[in-house]
Amino acid sequence: MLTDEQIAAIHTRATGQVSLGSDPTNMARAKAFIAELFAELEPVGYIDSDGKLHEEAWSALNPQPIYRNPMT
């Protein structure tokens, strides 16, 4: 899970603006954006609690999705 400080640092690197972390409303918007971004992305695979890779979520125990960078 990303901390508020990590989100603010990522925002600063991406935009050159430093204001995100100082305004709770902007931080809430940033978190909402990140959540919606990941909801829109399609996982490229899943990793289970044993560290094994799976193509489908149903074949993994406690699957965690793996995503490809959508900008590359």
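Just so you know, these numbers come straight off a predicted model, no measurement behind them. (Residues numbered from 1 in each chain as written. Predicted model: local features only at pLDDT ≥ 70, side-chain atom pairs only at ≥ 80, totals over all residues. Heavy atoms only, no water.)

Caption draft 1: Representation of the environment of Asn26 in the model. Note that Asn26 resides in helix α2 (residues 24-40). Remark: the alpha-carbon pair of Asn26 and Ala8, spanning 18 residues in sequence, is separated by 9.7 Å. Not counting residues up to four positions away in its chain, the partners in contact with Asn26 are Ser19 and Leu20. (Helix = DSSP H or I, 4+ residues; strand = E, 2+ residues; numbered from the N terminus. Contact = heavy atoms within 4.5 Å.)

Caption draft 2: Spotlight on a nonpolar patch on the surface. Where nonpolar side chains cluster on the molecular surface, the patch consists of Phe33, Leu37 and Phe38 and spans about 300 Å² of accessible area. Relative to the helices and strands, Phe38 is located in helix α2. (Patch = residues over 30% accessible without salt bridge, like charges linked within 9 Å, V, L, I, M, F, W, Y side chains within 5 Å. Areas by Shrake-Rupley, 256 points an atom, 1.4 Å probe, with all protein chains shown as cover. Salt bridge = Lys/Arg side-chain N within 4 Å of Asp/Glu carboxyl O.)

Caption draft 3: Examining the sheet that holds strand β2 (residues 53-54) more closely. The strand order β2-β1-β3 describes an open sheet built from 3 strands, whose pairing is antiparallel. Each having just a single partner strand, β2 and β3 (64-66) make up the two edges of the open sheet. In terms of strand pairing, strand β1 (residues 45-47) meets β2 through 2 bridges, oriented antiparallel. Paired with Tyr46 across the two strands is His54, which belongs to β2. (Pairing = 2+ DSSP bridges.)

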